[in-house]
Amino acid sequence: MKKITLIVFLLAAAAQFAVTQFAFAITPFTITDIRVEGLERLEAGTVFNYLPLKVGDEVNDEETRLSIKELFKTGFFKEVSLGQDGTVLVVTVVERPSIASITFKGNDKLKDDALKQGLEQAGMVEGRIFNSANLERVEQEIKNSYLSMGRYSATVQATIEELDQNRVAITMNINEGRVARIKKINIIGAETVSVKKIKDEMQLKEKRGLRLFSRRDQYSKQKLEADIESIRSYYLNRGYHEFELVSSNVEISPNKQNIFIGIVINEGALYTFGETVIEGVDQEQAAQLQTLITIESGKPFSRQVVSQSRVALTGDFVDAGFAFVEVRSTFESDAVAKVVDTIFSIIPKQRVYVRRIDISGNVFTRDEVIRRELRQFEGAWYSASAIRRSKGRLSRLGIFASVQIETPPVAGTTDQVDMKVIVSERDTGSILVSAGYSDEDGPLFGVEFTQRNLLGTGRHLSVKVNDSDAVDSATIAYTNPYHTPDGISRGFSLTTSKVDADEVDTASYILNTSAVGVLYKIPIAETNTVNLGLSFERLELDKPSGTPASFAKLIDAHPKSDNLVASAGLSKDTRDDFFFPTRGATRSISLEASLPGSDLEYYKFNVQGAYYQPLGDRFTIKGSLGLGYGDGYGNSKDATDDLPFFKNYFVGGARSVRGYNARSLGPREAPANTAKPDNLTPIKACADAIAGKIPDDAMITTTDGTKTILFTPVQAATLAAACEPIGGSTRVLASVEALFPAFGADSNDKRLGLFVDGGMVYESTADIDLGELRYTAGVFFNWYSAIGPFSISYGVPLNEESGDDKEKLQISIGAVFR
């Protein structure tokens, strides 16, 4: 040890002697000029800029040392010396080389672009000065990146090749190694809870032969910390009030391929809830607050239940204006009785009101459009629930891509906050000349002007002219969502259309419609609306060849009709977004009916609902149900005994049961001139012909009515081929979807999902047999693109029957999502 100390002392003394000798090698003088020698790429001005000494300065030993130090600090030079030529200061330097190129070898998991970005942050860029110290840091950073991926055997070695003109080429030689897998997880101390159950609570799993495509057996420090917290929560939520984590450790095998995790716990005894006490308020208020607490005496102790009660108490005070209330929970346990008493201490602090509401981000939308949706007001007591409702209402307008609300305290006060509403506007207006495709209507061509935020007022205007195989239409619609200051909406619509059903493989008919209508939406609660509408429609029906007999009966009775149609409904919408909701629900009940005295008298009753439940931050489960029923009455009942056929429900296609052709499911009927057995109704005849169930002894009367003959197999095949869907008066639809961000990225204009659909329509005389429902399962992608909605789905029928018309791949462009 004495020898080592002596050597270090001698080296330090030698270095000090060298510097001193160098410093005193220059006789003090006043600088008349400065000359720089040894530069290759740098300009002399660069040296002058960093050199502390200037012309006219006096050189001495201290100034010399400082100058050399400052030039070295630039990182530009590997050698610096100062000399004297009379009264001229001579600065002699040797430049560090510049980086000519940087290449990577052996990397696959980390791409070149990602590695170069890391090098840039460290100053290692082609053309810059090479610094070996920076290179060592880069090597370690790259290795750390692989360590975070569980590649503990990865190595990074840089090689430097010297080039001409004082340049170097750097090659990063990378051996990524293999991902280390968790070989064993040891849980020590588990007595009443099985080790298997504890491991089920963990994200990290042990390596298994069948876990080839899973990463759950790859170690991550963050995942282990999360797993430890999951184990802690599991015990603390099931009565183990004294649970503690004793220790945790991670070991790696010598070959750095296997990870061994050890977790030592102490379960402790089971405890139950005892008394619950509320402190910080008077007895009367404490009694009222007890109704918010979900703790039940005698039930197993649970930190989660305590947390829920604390959140409820906090929310009650926050909604009353105590924005900064503190609710603390403490526990007093009886180790003998194994009972835990819970004490909630409430510190209300100062009651807070909203001083001012500031709105930003609305370049096009008027402030009043935003302010009329707010449920938190200026000068009112702060309310967290009112702010949440305000954000929800703004999001449901469909004119904002995002809505954020912040409530910063007002500087210098303890009882005031400002509310900042920050919106990002969505493109709500478009003039679109479009060509698209819908699986239901075939090719679509149209000209459309749509503005959901007309002149920034929040009003809606739409002018559409569309042409497809099935429908030619023109529509003008205008809606003022605030026709009255209290939020009653009024809309007008004018429509003309021609429907040729034969073009979309349904039973043939032609319908020309002209209609004008008005619709009021009356809010009766925060999310509840009553809808009242009235329209006049003029209809003209025609029957081309191939029209079924049931359709022809109504067309003959009412080739032209004038109808006054009323509608009424009740809806509730709690979704958090108009286009791509992640939570909330929609529910509606509606009735559409032509009024007595109309040429066609009918009614339709519909019930629909959809529920969105988030699972974590990125996934959502959606469940939906739709029921519909319609019938005729009065003169329509006399003419058809049913709902007018053009008001029938249909099932199949991208907006009902994906995986089946549009409108293809349910009752079918052949043209009136198609031969069928005498003893079968047209719908029953089609069903039996398609299923191959027409008996060999079926009879048919000849067209002249003179005799009855056998119905031949050829006629049965002809009948089956001629049958077309006619819809029905009753519809049942159901769907379950798993929704998640498209391509793993958060987005407000696209979404991926898995689905299971079910549905069927029934004729008026048939019983509702849920066993006839058709089910499909598949995957879909929705995108609200710049040219309009785009949807693609792939569905596989799960219980198809003979004659069902399948269409697994379905694409829609310019058609609204389901």
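Right above here is the structure, for reference.
The residue numbering used here restarts from 1 in each chain and proceeds along that chain's sequence as written. At least 70 in pLDDT is required for a residue's local features to be given in this predicted model, at least 80 for side-chain atom pairs to be given and counted, and no such filter applies to totals for whole chains, interfaces and linings, which use all residues. In computing side-chain values, all of the structure's heavy atoms are included and hydrogens and water are not.

**Quick look at the packing of helix 14 (residues 682-691) against helix 15 (residues 713-722)**
Our working definition: Where helices are involved, their axes are fitted lines through C-alpha atoms of the stretch in contact, as for all axes, and angles between N-to-C directions lie from 0 to 180°. Secondary structure elements follow DSSP: runs of H or I of four or more residues count as helices, runs of E of two or more count as strands, with numbering from the N terminus. Throughout, the term roughly parallel applies to angles under 35 degrees, roughly antiparallel to angles over 145, roughly perpendicular to angles from 65 to 115, and oblique to all others. When the near helix sits turned anticlockwise from the far one by under a right angle, the crossing is termed left-handed; a clockwise turn instead gives a right-handed crossing. Contacts between residues were defined by any pair of non-hydrogen atoms, one from each residue, lying within 4.5 Å. As a working rule, the residues Ala, Val, Leu, Ile, Met, Phe, Trp, Tyr, Cys and Pro are called nonpolar, Asp, Glu, Lys and Arg charged, and the rest polar, with Gly in that last group.
Interaxial distance between helix 14 and helix 15 falls to 8 Å at its minimum, and their mutual angle equals 110 degrees. Relative to helix 15, the element helix 14 lies roughly perpendicular. As for how helix 14 packs across helix 15, the hand of that crossing is left-handed. Contacts from A685, C686, A689 and I690 in helix 14 reach A716, L719 and A720 in helix 15. Of the residues assigned to the contact of helix 14 with helix 15, the class counts are seven nonpolar, no polar and no charged.

**Quick look at the packing of aromatic side chains**
Threshold: Note on ring pairs: Phe, Tyr and Trp rings are taken, using the six-membered ring of Trp, and paired if centres are within 6.5 Å. Classes follow the plane angle, with under 30 degrees stacked, over 60 edge-to-face and the rest tilted. Remark: exposure states derive from per-residue accessible area (1.4 Å probe, protein chains only) relative to the maximum for the residue type, with buried under 20%, exposed over 50%, and partly exposed in between. Whether a charge sits over a ring comes down to the Lys NZ or Arg CZ being within 6 Å of the ring centre and within 35 degrees of the ring normal.
By the definition in use, this model includes 16 aromatic pairs. Judged by centre distance (6.2 Å) and plane angle (85 degrees), the rings of F76 and F77 are edge-to-face. Note on F76: relative accessible area 19%, which makes it buried. The class for F77 is buried, based on a relative accessible area of 1%. Relative to F645, the ring of F551 has its centre 4.0 Å away and its plane inclined at 10 degrees; by these criteria the two rings are stacked. You can see F551 sitting in helix 12 (residues 549-557) and its partner F645 sitting in the loop between helix 13 (635-640) and strand 29 (659-660), a full 94 residues away along the chain. On the accessibility criterion, F551 (3% relative accessible area) is buried. Exposure remark for F645: the relative accessible area of 5% places this residue in the buried category. Feature note: the residues Y234, Y235, Y240 and F243 constitute an aromatic cluster, connected by ring pairs. Above the ring of Y649, the side-chain terminus of K604 is found at 4.4 Å from the ring centroid. Positioned above the aromatic ring of F755 is the side chain of R658, whose terminal nitrogen or guanidinium carbon lies 4.0 Å from the ring centre.

**Quick notes on the sheet that holds strand 9 (residues 181-188)**
Our working definition: In short, DSSP must find at least two bridges between two strands for them to pair.
Read across the sheet, three strands follow the order 9-11-10 without closing on themselves; strand pairing throughout is mixed. Because the sheet does not close on itself, it has two edges, and the strands there are strand 9 and strand 10 (244-252). Averaged over neighbouring strand pairs, the angle between their axes works out to 15 degrees when direction is ignored. Inspection of the sheet shows strand 10 paired to strand 11 (residues 258-266) by eight bridges, in the antiparallel sense. Residue pairing for strand 11: N249 is matched across the bridge by G262.

**Observations regarding the sheet that holds strand 14 (residues 339-347)**
With mixed pairing, three strands are arranged side by side in an open sheet as 12-14-13. Lying at the two open borders of the sheet, with one neighbouring strand each, are strand 12 (272-279) and strand 13 (326-334). Each strand of the sheet is rotated relative to its neighbour by a mean of 20 degrees, with strand direction disregarded. As paired elements, strand 13 and strand 14 share nine bridges and run antiparallel to each other. Across the sheet, the residue bridging to F331 is T342, located in strand 14. Where helix 9 (residues 303-319) meets the sheet, its contacts fall on strand 12, strand 13 and strand 14, and the angle it forms with strand 13 comes to roughly 150 degrees.

**Focus on a negative patch on the surface**
The condition is simple: Here, patches come from residues exposed beyond 30% relative accessible area and free of salt bridges, joined within 9 Å for like charges and within 5 Å for nonpolar side chains (Val, Leu, Ile, Met, Phe, Trp, Tyr). All accessible areas in this document rest on Shrake-Rupley with a 1.4 Å probe, and a residue is counted as covered only by the protein chains that are shown. One side-chain nitrogen of Lys or Arg within 4 Å of one carboxyl oxygen of Asp or Glu is enough to make a salt bridge. Residues counted as positive are Lys and Arg, residues counted as negative are Asp and Glu, and His and the chain ends are not counted. One atom stands in for each charge, and that atom is NZ of Lys, CZ of Arg, CG of Asp or CD of Glu.
On the surface, a cluster of negative charge is contributed by D467, D469, D472, D502 and E503. As for its placement among the helices and strands, E503 is situated in the loop between strand 22 (489-500) and strand 23 (510-523).

**Some thoughts on the environment of V796**
Note on placement: V796 falls in strand 37 (residues 788-797). Looking at V796, the relative accessible area reads 34%, which means it is partly exposed. In sequence terms V796 and K806 are ten residues apart; their C-alpha atoms lie 8.5 Å from each other.

**Quick notes on unusual backbone geometry**
Glycine aside, negative phi is the norm for most residues, and most peptide bonds take the trans geometry. Phi is positive for N166, close to 55 degrees, though the residue is something other than glycine. The topology assignment puts N166 in the loop between strand 7 (155-163) and strand 8 (167-175). Backbone geometry places R663, a non-glycine residue, at a positive phi of 60 degrees. With respect to the helices, strands and loops of the structure, R663 is situated in the loop between strand 29 and strand 30 (668-669). Looking at R663, the relative accessible area reads 19%, which means it is buried.

**Observations regarding helix 14**
Three or four residues apart is the spacing at which side chains of an α-helix point the same way, because the helix has 3.6 residues per turn. All of the buried residues in helix 14 are I683, A685, C686, D688, A689 and I690. Each element contacted by the buried residues of helix 14 is listed here: strand 30 and helix 15. Residue G692 follows helix 14 closely and has a positive phi angle near 70 degrees.

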